[in-house]
Every structure is written in structure tokens, then in C-alpha cells.
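Spelled out from the first residue to the last, the chains are:
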Amino acid sequence: MTFPSISIDNVLKILLALSQYPILSGRIRSRMRKVLFARGITTKDIFEEEARRKAIESQEREGLHNPYGEEQADVWETRLKRIRDSLTDFYFAYNLPYAEFEHIVRQMLEEQGSSESEFIWFNPELAPQDMLFEQAEIIESMPDEERKKYEARLQEIEVVLIRTMVSDQLKYIKMARQWFTVADLKEIRRRKIGGGKVGGKAAGMLLAMRILKETAPPEIRDSFKIPVSYYLGSDVFYNFLSINGLMHWNDQKYKTEEEMRADYPTLREEFSKGEFPPEIIERLDEILVEAGHTPLIVRSSSLLEDNFGTSFAGKYESIFLPNQGTYANKMAALINAISKIYASVMDPDALLYRHHKDLADYDERIAILIQFVEGQQMGQYYLPQAAGVAFSRNLYRWSPQIREEDGFVRLVLGLGTRAVDLVADDCPRLVALSHPRLQPSSDVRSARRYSQQNVDVIDLETNQMSTVPMREVLAANYPSLRYAAQIEQDGYLANLLSSTNEFEKMVITFDGLLARTSFAKDIREALKLLETHYESPVDTEFTVEIVENDSQRPDINITLLQCRPQSHFISADEVQFPVNLKDEDIVFSTQRMVPQGTVQNIRYILFVTAEGYFSLTSQAERTQLERAIGQLNAALKDEIYIAVGPGRWGTSTPDLGVHVAYNDIFHARSLVELAGEALGASPEPSFGTHFFQDLMEAQIYPLAVFLDDASTIFNRDFFYASQNRVLDFINIDNTRILNTLRLIAVNDSHPNHHMDLIMDGRKSRAVAFLAPDGMETVEEKIPIISAPPQLE
């Protein structure tokens, strides 16, 4: 065996692991004392005298003054034995090379008896990791017949290693122990910096890749990989707090929201000045040397992140580092990025999310995932050819022929940030993997308008992440252009058959990628495999590289960046609309991109008027509106309400829709997005974004109402003519805010009535309608989302 380097701690760990075998551990210490005496480090008489003296001193500390008269003989002998053992460990560790200790342990094990004793003599929960790895490797190297006898032992060791190095989440451990080999765990350990676990984001990525390696057919397995990755262990976070005097911030989660938000700027400033110990800096230095000038991304990987039911999507920061310039600048940028992510653990939105999920009391230490950015240089820019998010279940189908079980992709050119965030007037390519080339709209004008216009890149010259117009990237010798873009000709979109610089006419459709490569098939089959073995729908993040070859079908390399259980709605298998529903009772209806489910007994509708919202030109007023919506959400916690507003709820660009956070709307049962040219709002749904993940976890149905569709119904009088009940719940002094934010009580315009929202994703139809109280509108077998558990 190769034991840990010499130290008193390591000696004690090994002897502690042997403590369940007292005879064996006693014989080892007896042999250790003989070596000490033989080497002249001490003599037996001196050793025994020191042991007796220290035993008496320990009695005196306990208030005993007569060593023999006040303590029973067996207790005295136990005390003396423990002192002898402690002195033995001390003298041996500080005076003799570790090889001596290793030799004694080996000799005692050989004398212990059969070879089987080597695999049962220590407790894996207490043993150093070196011992665990060595014994696991011995078992794995055995012939098949002999190995069978030790499979349970091997699994026990692997579980201990997974729990201590990767994740302590029980559902994860149950899956991971079936897939990870000792070599996998050893590689994780090699890439881990500091103590603790690698966290949820890293854990999900590693497990997904291992499953694909084991189960995917060769043509799919060979097309997937993970990026070069290193893991800053979760214990480093507490070390950072301790050595920088930041522990006083660790109670932020128990403060009020107002205190959290008031403290956060100061907290971020103090974290930004934090330093790391030399041993951590040394490992970070190794990463920078290996990376050279390759850009890096520093990502959060908290212990709770990407778990079943709690994705923490977008709650903590991820920071791209161009990694250009001098070594000092690159190291400073890396340390600053880690410090910012550490500070984001205390972000008020993240802390409130934990409260809503009843996780505030959990020890949320955060690990850090440092990865080389996948991509290539194109002029002054560095970016992947494509990136996106993929889901094994397609919850939004814009055509009846689309199969939910085949999955869905949000695909963008450049960095994948535009696929997971709701950004300015820009849309990713939505791909239904059952029919990859089927777009939400066949109209060329709509396809152009709702296509990607800008690209997120790493600018190597300015040394920062930037957003640039699409034409700048396409003009920078973008490789495999014909797989990403089509050109508008005579009212239709045509494939690029030759090189051209008519970039203004190009539309990013990825039609070539979807039609002439194996991308769609590969990712669809990979998602199916992951869903099968996760026993749950999954979602992933990825990048794509198109590799031209001599054949007409290029190779595809997909880099898996993340994998986690996909949040999903608890919905009915079948819903039924009321018979003979009157037009005057319909509040709104839509027939595009509809989820599956019901919300019944709705009493209030929070309505943001398009006219009022887009007239708020100052950020201060829009912030006031956001706070008012959050206050209404808190006031309506015991009511059943939905929210209706223009554009995209949760967008990071206020000009595109209502910029709210999850904490502002988590009591709502549905978020309805009004889309149309008159509103300047895109019909591209939020499905697949970080905000959407929050909604699914909280069972809040997102629904888009396309006002430009001839089949859409929107009862304007109901929304604009009903009494505004906002002031019954909160105070608003600004009349412009009051004219923008309306709270409609269904009972005002229709006494003894409520509203029901029925959504049939299979038929792509949703209807919100008025119904008399006590009226059954859906068969009893349908689950009713009317009062989910309060998230307080």
C-alpha cells in the first residue's frame, strides 16, 4: 500500500480506522514501541515513567489526588494505556520515517491470517482516502471470481468516496454508485483543490458523462465529452471566510429581506478584498499555466445546486474570464471571480429562494467549477460555433405532431448565455427534437424577426465578455457558416450554396446543422438515455463543434457542460373543457405553445397594462413597479391568483417585458405573457431559461397569449374596465405606477363567480373562463393546482 505522507494526523487516522480491531491495533502499537526502544529514541523505563507521570497529571486535572486510592484499578489501567498509546503515536510520528510505520502495519496484517483480513480490517468511514483508494483498486484488479466476494466492500468504499468528495445527496449517491469507477473517483480527486465536495453542478456533469460512456452506442458516445475542469472544494469557502474575517456575514440568511438587500453591497465589497492561502494559489497557478491564453469560465457548484426539485438555476454567479494579458492580471481576475461567486451565496435572491424551498438551515457551502471555455478564435472573438440547453421533455409544443418525449433544444450561436437568459429583442432557435426543422412560424418575416440578432462572445482584444451584432461574427470567418445560417431570397429562406458577404440577408436558423448532421439525433438519444438512468426527465447545457471532413456529413462534437433533473409540472394526463362554453365567459384563450394542467378557483388577476408599463421610461419607476408587484405577491399569499402582463415575465431587459425576480411572484399560480407586434413583445416563450426553471419548481404555469393570432380571444373590457383593487392590499403613491398595475377581483364584475384556467398541451389550447362558484368544470380525476404548499 502507499499510505499518506508522514504526519501525526495520518498515523492517528489509520490507527483510528483499525480501532474496531483492538487486538490488532494494540499489537501494532506494541511493535511501534519496540522500534522506539531499539532505535534509542527513548528507553522503556523513561517511557513508562513519562506515561505514569502524565496519567497522574490527567487525574489531577479531574480533581483526583490519590492515584490508587480514588480510582479503581481497571480505570487506572485504561487511563495509563491511553497515555501510552498517545506517547507512542507522538514519538513515532515525529522521529521515524513513515516507511517504518507502513512496514509495521503490513507485517501485522500479514500475521493476522488469511488474505481476506486485508479487506475487512478498517472502517471506511474513518480511514484516509489513500487507504480507501488502494483497497478499492486491489478489489477491482482481482480476477472476476475472487472479486465477487468483495463487491459489497467495493461499493461501500465507493459510496464513502462519493459522499465525501462529490455529493451527499442521497438520490445522487444512489445513482452515482452504480456508475462511477474507482478510476473516475481518482480523477475527480486529482482535479479537486482543497477539502470538501465538488458540488452539485460538477457532480451532475460528471455523472451524465459517465452514463453516456457506459450506455450510449459508439457513434453517440464518441461525439460527447466534457470540458477540461477543476474543482475548488466546498471546504475552501469556509476557509476563505475565516482567514479574511468574513464569518460575521454567515448569518445573512436569518435577517429580514430589507436587511439582506441593504447589507449586500458592503458584503460584496468585503469579499472582493479576500485572499487565499498559498496552497490554493499554487493550484490555481497550475490551472493558469495549463490554460495558457485559453479563456476560462468560473462557475458556482453549490452543495444544493442541480438537485432534485431545487435547481438553483441562475441563483449564483458564473463569470467568463478572457484570460489574456499578464500573469498577474490573469491571477487577479481568477481570484476576483471566485470571490464574487462566494459573495453570491449571500445574494438576497438566493437566500430568499432557499427560504421558499425550506433550505435556509442547510449548510450551503459552495464549491467552484473552473473550466476551459469550449470554442475557437474567430478574428478578435472567441466563441463556440453553437451552444444551448436541451430538455428530455418538450413541455411546449407548437404543433400537434411534436412529441413531448423526444425533447427540446434552445440553440444559439456563440456563448450559451443567450439560451438561458431572457435578453433583449433576440430569440434562440427553438428545436423540437421529434421534428427538428419544424419552426414555430413558417412565415419568413416572422422567422427573421424572431431569430438571433446578437452574439455573446469573449473579446480577446478588450479582454472582456461582450455582446456584438451577428454580422460582425459572421464576417470574422465564421466556420461552417452554411450549417448555421440561411439567406433570404425572393420571400423564402435558402441554404447557403457558396460563400457570400450578404450578411444583412442572413437568418440564423441552424437548418443545415439540423438537416445535414447527426446533431439532433445524437442529442435526442443522449437525453433519452440520461432520462432512463436518472429515472427522471433531465435538462443539460452544451456547446457544439462542427468538424468538416472529406464526407458530405461533418462530424459533431458535443461538450456537456451541465446535467440536472428537469423540473416539471404536476399536471393531468387528460383535461376537459366545459361543454357549451359561452363566448362572454371567456377571459382569454390561446392555441399556441400551451402546457398541460389546470388552475382552478382563481379569485384575483394581477394585471400589468402594456400602455402603462412601456410609458415608464425611468429605471426608478420600473423598480417601484417591481417592488409593488412583490408586495402584492406577499399580500396575496393566501389567495389564488394569476399574473398577466406584456412581454416576457422575468426578462433581464425591462424594455422587453416585466423585469421581476422569482421572489416577486412565487405565490402566483400562472404567469401569462401577452405577445404581439402592437406590444413590441416576442412570442418566443421563456421555456428553458433559468427563470422558467423557477416557475416549474413552484408549479407556476407560464402561458403565452399571442394577440396577433386570429384564434386568440382576449377580453379587454374585463382587464381594463374592472375595478382596481390594488390599494386594498398595498399603498402606492405614484399615480403612474397605479395606472400600470391593476388587481382585478373576479367577484367584482361577476358576483359569486371565479375563474378557471384549463390548459391542454396535447391539443395546444388554453382557455381562462368565468364559472359560478361550486360548479365542477373538470372531471374529479384531474389533479387541481389550486393551493400548492405555501413557500414562505
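Everything discussed here concerns the structure shown above.
Computed from a prediction, not measured in an experiment: that's the story for all the values here.

### Overview of helix α14 (residues 257-272)
Between the first and last C-alpha of α14 there are 22 Å, a value that for 16 residues agrees with the 22 Å anticipated at 1.5 Å per step. At Tyr 264, α14 shows its largest kink, close to 40°, and the proline Pro 265 lies no more than four residues downstream. The complete set of buried residues in α14 reads Met 260, Asp 263, Tyr 264, Leu 267 and Phe 271.

### Concerning the sheet that holds strand β2 (residues 224-225)
Picture the strands of a sheet paired through backbone hydrogen bonds; they go either parallel or antiparallel. Taken together, six strands build an open sheet; the order of strands is β2-β18-β17-β9-β10-β11 and the sheet is mixed. Each of the sheet's edge strands pairs with one partner strand only, and the pair in question is β2 and β11 (429-432). The strands that helix α11 (residues 200-215) touches are β2 and β18 (555-565); relative to β18, the one it contacts most, it runs at about 130°. Relative to the sheet, helix α23 (residues 519-534) contacts β2, β9 (386-391), β10 (408-412), β17 (538-547) and β18, its axis offset from that of β17 by approximately 150°.

### Re the environment of Ile 758
Mapped onto the elements of the fold, Ile 758 is located in strand β27 (residues 753-760). Residues Ile 758 and Pro 578 lie 180 residues apart in sequence; the distance between their C-alpha atoms is 9.5 Å.

### Some thoughts on the pairing of β17
Within a regular beta strand, the side chains point alternately toward one face of the sheet and then the other, so they alternate between its two faces. Of all 10 residues that make up β17, eight are buried, and the element is covered over most of its length. Pairing of β9 with β17 involves six bridges; the strand directions are antiparallel. Of the residues in β17, the one forming a bridge with Val 389 is Glu 541. For β17 and β18, the ladder comprises 10 bridges, and the chain directions are antiparallel. Along β18, the bridge assignment pairs Val 547 with Asp 555.

### Quick word on the packing of aromatic side chains
Tallied over the full model, the rule gives 17 aromatic pairs. Considering the side-chain rings of Phe 240 and Phe 271, the 5.9 Å spacing of their centres and the 45° angle between planes classify their relative orientation as tilted. One end of the pair, Phe 240, is in helix α13 (residues 235-243); the other, Phe 271, is in helix α14, with 31 residues separating them in the sequence. Comparing Phe 240 with Phe 271 shows no difference in burial state: the two are buried. Aromatic ring contacts, followed pair by pair, group Phe 237, Tyr 238, Phe 240, Phe 271, Phe 276 and Tyr 342 into a single cluster. In this structure, Arg 622 packs its charged tip against the face of Tyr 613, placed 5.0 Å from the ring centre.

### Concerning the sheet that holds β27
On the basis of which strands lie adjacent, the open sheet formed by five strands has the order β20-β27-β28-β19-β25 and antiparallel pairing. Because the sheet does not close on itself, it has two edges, and the strands there are β20 (597-602) and β25 (713-714). Bridge count between β27 and strand β28 (residues 765-772): eight bridges; the pairing is antiparallel. Bridge assignment links Met 755 to a residue of β28, and that residue is Leu 770.

### Here's the deal with the side chain of Arg 418
Note that Arg 418 resides in helix α18 (residues 417-420). Exposure remark for Arg 418: the relative accessible area of 7% places this residue in the buried category. A polar contact is formed between the side chain of Arg 418 and the side chain of Asp 456, at a distance of 2.9 Å.

Here is what the cut-offs are and how they apply
- Residues numbered from 1 in each chain as written.
- Predicted model: local features only at pLDDT ≥ 70, side-chain atom pairs only at ≥ 80, totals over all residues.
- Heavy atoms only, no water.
- Helix = DSSP H or I, 4+ residues; strand = E, 2+ residues; numbered from the N terminus.
- Expected span 1.5 Å × (residues − 1).
- Bend = angle between axes of the 7 residues up to and from the residue.
- Buried < 20%, exposed > 50% of the residue type's maximum accessible area, 1.4 Å probe, protein only.
- Pairing = 2+ DSSP bridges.
- Contact = heavy atoms within 4.5 Å.
- Axes fitted to C-alpha atoms, helices over the stretch in contact; angles between N-to-C directions.
- Phe/Tyr/Trp six-rings, centres within 6.5 Å; stacked < 30°, edge-to-face > 60°.
- Lys NZ or Arg CZ within 6 Å of the ring centre and 35° of its normal.
- Polar contact = N/O pair within 3.5 Å; in protein donor to acceptor, adjacent residues only side chain to side chain.

Function cannot be inferred from these measures alone, as they are strictly geometric.
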